[in-house]
Amino acid sequence: MMAIPLSHLLVFSALLFLTGLYGALTRRNAVGILMSIEIMLNAVNVNFVAFAGMLNAPPELGQVFVIFIIVLAATTAAVGLAIVMAIYRNQKTIYTDEIDLLKW
Amino acid sequence: MTTFGPLAAISCYAALLGILTVAILTVTVRNLFHAAIFLAFTLLGVSIIYFFLRAEFLAGIQILLYVGAIMTLVIFAIMLTSRIGDPQVPQSNRQRIPVFILIAISAFFLIGAILKASWKTISTLQTTNAVELGKALMGEFVFPFEVISLVLLIALIGAIVVARSDP
Amino acid sequence: MNPLLIPLLPLISFAAIIFFGKWLKEKSAWVAVSASALSCLVSFKSIGEVIGGRNFHEAFTWILINRIPIEFGISIDPLAAVMLFVVTFIGTMIVVYSVGYMHGDPRYPRFFAYLSLFLFSMLGLVLSSTLVQIYVFWELVGLCSYFLIGFWFEKKEAAEAGRKAFIANRIGDIGFFLGIITFFYATGTMRFVDIQPEFIQAQAGSAILTVSALLLFCGAVGKSAQFPLHVWLPDAMEGPTPVSALIHAATMVAAGVYMVARLFPLFHACPEASQIVAGIGTWTAFMAAFFALTQMDIKKVLAYSTISQLGYMIAALGVGGMTAGTFHLMTHAFFKALLFLGAGSVIHGAGVQDMREMGGLRKSMPITFWTFVVATAAIAGIPPFSGFWSKDEILLSAIGSDHRIIFWILMITAAMTSFYMFRLLFLTFFGETRGKRAPHESPAVMTVPLIILAIGAAGIGLLGSPWAHHWIQNFLAGHPEEIQMNSFVATISIAASAIGLLIAFIFYILNPDLPKRFAKKYWLLYAASSHKLWMDEMYQATFIRWFKQIARFSFKFDEAVIDRTVNEVGRKTVWTSKIKNWFDQYIVDGLVNLTGRLTQMTGAVLRLIQTGYIHNYLFVLLLGVLIIGYAVFNT
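Model, not experiment: these values are computed from the prediction.

Analysis parameters
Residues numbered from 1 in each chain as written. Chains lettered and ligands numbered in written order. Predicted model: local features only at pLDDT ≥ 70, side-chain atom pairs only at ≥ 80, totals over all residues. Helix = DSSP H or I, 4+ residues; strand = E, 2+ residues; numbered from the N terminus. Buried ≥ 20, exposed ≤ 12 C-beta atoms within 10 Å, placed from the backbone. Contact = placed C-beta atoms within 7 Å. Nonpolar A, V, L, I, M, F, W, Y, C, P; charged D, E, K, R; others polar. Core = buried A, V, L, I, M, F, W, Y, C linked by C-beta atoms within 7 Å. Axes fitted to C-alpha atoms, helices over the stretch in contact; angles between N-to-C directions. Parallel < 35°, antiparallel > 145°, perpendicular 65-115°, else oblique. pLDDT = per-residue confidence, 0-100. Pairing = 2+ DSSP bridges. Expected span 1.5 Å × (residues − 1).

Asks: Which parts of the structure should I look at to understand the overall build of chain A?
Replies: A tally of helices and strands in chain A yields three helices and zero strands. Reading chain A from its N end, one meets helices and strands in the order α-α-α. Expressed as a percentage of the 104 residues in chain A, the buried residues total 62%. Taking the contacts inside chain A whose residues are at least 6 apart along the sequence as the reference set, 49% of them involve residues at least 24 apart.

Below you can see the structure in the form of structure tokens.
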């Protein structure tokens, strides 16, 4: 008997993911956006681990992916924050609504 | 093979709710430094979920990497870029309400879809350990493992190059 | 060495001087000299080939009229060869002479450019293979003549003389042009090689052929200064003296004679036309000699003598003496060029043109004097100088074709010629010096051509003498002709010359008062001669006045009718344009602007999407994911 059913865990991870998404869309600060993305990645990891434990498949499969994702999250954080530093140096701001370099 | 009592279930649900709460605080709180602290709690909570799911190795990595390394990076970035801690500066942009509506709709659909689906779960919780994982990484997944380590290396070099002050 | 080089070399020289004259300065003269000398050498070679019996003809089709080709090319036959010799040789002499004569002129390079252009045109004319081509060069030489008469255009007389020459020539040229058209209509050809006696004889005496012959003769009347269009030539003496020598004595004015000689078979086939030609030639010869008797300007005398001698040539052609006319053309070119250059030398040395202010130049200008004597003897017809032989030939052909009146008039003219030429010689070189400044001999660059030309003037006639077996006549006719010296003609001719010489001697050496008394006694004759039969005045009172009236009337008509119509049309156009402008501005432009504004507005709206903010893009991304997901799950 498991502590909680799979679907409840999935709902949790979905809500966590959407929370992260909300943060990514509303935060002005680039560092804040990166933090929100970390939350989204964690929600995905929770999904993987839940599936690995409760579905009929080798459990290593899901967990290996989690490891990969954590590594990628680390690289994202490292590169993303480096980019934030660079932008800050060039534009003197890290507020995304003050940076419209994508505009023609 | 571990069974959970009602206490365990209650504590688990409580953990889930707690995580969601801190996560929401993370994305909404004005002070970015506080947001980083809340993020750390969120990540810690996720590692607790891993414990509940008997993935102790992952829980360890989660704490080490996220709470240890990534959080340090984030806080460094916050400290290095000025104005971040200034409470007078608005921390969210003007599309809050439309985004919230969209998120709500997405949540509605997603939860509906999850609850509607019939999950073919197995009765017992499958577990694995570091040895099994290590074998999988070095055996079946050796190629992605090598690629990801290369990516990590490149990311490190790239981060250094991008963040260097003098071009 | 292609004969094409002959006209081409002066053309190159012209182009070089006209474009680089500023840079060449004094050296431009030597460009012109070397070009004409080279052209002379090339032409000698061509002439040699013609003498050897090989006529040159090379042409390409220029235009097709009713499938009849009009050619453009070069043809050299004996007639052209003679003319070629005259033009290139005398042309070279005169260009050399000009180097000295024009020295110090402010437009020195331009003078040589014009001379080169003239030589090109004249050689083109001589070498022409069709009537159209000859017309083209005919006009070109006319143009050069205009340029060179008016070379000192600061002088009002020079400018007016240029204009007069041009207009008088134009009148003749209209006839010439109509003549070409008529001739083409009558015969269907323009090629000189086609104009052979047999070809023309086929339609001899037809009215249209006679008309065309007379119209073509009009051109010769204008160019060769025959009565009644002779008035331009004396005025043309306003130009520089080398120009007078080259263009208005030796070559260009002979173009009319050359053209008639070229078309000789045509005139031969139209006896009525020939009669008129002979009549006009004879009358011109006599009239001009009469005018020359009393002229006081040294160049005017020579001008009238030129007209007179041209009349001789035309008369010769009219009475059927084609070879005689051409022979006289050649000898005349030599002695008349020499006379003009001598006169130029005199003017250069004495500084005046009026003979009353000369006199006694014999001692100070010996070379000029002796060459002048040779030339005078030649033109007066004193044997064995060249004029005697050619004049004798003309008289012979006049009597031979039974034109007795013409013969006697020409004989009287010969006596008059002798008189006025010796009068000129005596007044200029003998007696006391009446001039104010001390005359001096001209530089070698001027006297050397004089000497060479003097040798030519003395000796060239011998080519047509019995001692040379009438070589030139045979050459021109293309076959040996039976010519015998008529001792009767020769005797009278010599007598006429002697009488003229004698009277001049009495009048101007022995008894210098006689001319004045004579003039008083026969005042009417004297006035008629010195006023050239009042022909200029007559033209002024009649044709020119009429033309001015017509011009004035045309001007008024222009002003009152044509200008007003044009203005009215203009006003209507402006009005219509205004309507069109309004339409353009508000309808057409409006539509265009509307399109533009629509695009701008659409752009302004669409631009809002492109905020450049990453979170906006992310938002749209999420929206898109939702929509796609919805679409996928609902199917």
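There's more to say after this.
Asks: So what exactly am I meant to see when it comes to the interface of chain C and chain A here?
Replies: Many analyses report the size of an interface as the accessible area lost when the parts associate. In this assembly, nine residues from chain C lie in contact with nine residues from chain A. Tallied by class, the residues present in the side of chain C that touches chain A amount to five nonpolar, four polar and no charged.

Asks: Where do I start with the nonpolar core in this structure?
Replies: One broad rule of soluble globular proteins: the nonpolar side chains tend to lie buried together. Formed by 201 residues in total, the largest nonpolar core has its most connected members in Ile-90, Val-257, Val-260, Leu-317, Ala-337, Leu-338 and Ala-457 of chain C. It is helix H3 (residues 78-101) of chain C that provides the largest number of residues to this core, a total of 18 residues. Setting aside anything within four residues of it in sequence, one finds Ala-337 of chain C in contact with Ile-90, Met-93, Ile-94, Ala-245, Leu-246, Ala-249, Ala-250 and Leu-453 of chain C. Ala-50 and Val-84 of chain A together with Ile-49 and Leu-53 of chain B belong to the second-largest nonpolar core, a separate cluster that totals 77 residues.

Asks: So what exactly am I meant to see when it comes to helix H11 (residues 254-262) of chain C here?
Replies: The buried fraction of H11 of chain C is high, at nine of nine residues. Residues of H11 of chain C that are buried include every one of Ala-254, Ala-255, Gly-256, Val-257, Tyr-258, Met-259, Val-260, Ala-261 and Arg-262 of chain C, and no others.

Asks: How should I be thinking about the environment of Ser-530 of chain C in this particular structure?
Replies: Relative to the helices and strands, Ser-530 of chain C resides in helix H24 (residues 523-530). Sequence spacing of Ser-530 of chain C and Gln-295 of chain C is 235 residues, and the spatial spacing of their C-alpha atoms is 6.1 Å.

Asks: Explain the packing of helix H2 (residues 30-54) of chain A against helix H3 (residues 59-91) of chain A to me, please; I cannot follow it from the model alone.
Replies: Geometry of a packed helix pair, given as the angle between the helix axes and the separation of the axes. All names here are of chain A. Contact geometry of H2 with H3 gives a least axis separation of 9 Å together with a crossing angle of 175 degrees. One way to sum up the angle between H2 and H3 is to call them roughly antiparallel. Residues that form the contact of H2 with H3 fall into these classes: 20 nonpolar, six polar and one charged.

Asks: Could you clarify how one ought to interpret the interface of chain B and chain A in this entry?
Replies: Listed by partner, the interface residues are 77 residues for chain B and 63 residues for chain A. Sorting the residues of the side of chain B that touches chain A by element identifies helix H1 (6-28), helix H2 (32-52), helix H3 (56-80), helix H4 (96-116), helix H5 (130-138) and helix H6 (142-163) of chain B as the ones contributing at least two each. Sorting elements by how many residues they give to the side of chain B that touches chain A places H1 of chain B first, with 11 residues. Its residues assigned to classes, the side of chain B that touches chain A shows 58 nonpolar, 15 polar and four charged.

Asks: Would you take a moment to explain the confidence of the model for chain C for this structure?
Replies: The predicted coordinates of low-pLDDT regions are not to be read in fine detail. For chain C, the mean per-residue pLDDT works out to 85, and 98% of the residues sit at or above 70. Two numbers describe this predicted complex: its pTM, 0.62, and its ipTM, 0.87.

Asks: Help me out: how do you make sense of the pairing of strand E2 (residues 68-76) of chain C in this one?
Replies: Regular strands place side chains that alternate from one sheet face to the opposite one. The sheet contact formed by strand E1 (residues 56-65) of chain C and E2 of chain C spans nine bridges and is antiparallel. Residue pairing for E2 of chain C: Ala-59 of chain C is matched across the bridge by Gly-73 of chain C.

Asks: Just checking my understanding: could you explain H3 of chain A for this structure?
Replies: Each α-helix winds once per 3.6 residues, and so residues spaced three or four apart point in a common direction. If you check H3 of chain A, its first and last C-alpha atoms are 47 Å apart, about what 33 residues at 1.5 Å a residue would give, namely 48 Å. Count one or two residues on from H3 of chain A and you reach Lys-92 of chain A, which has phi positive near 60 degrees.

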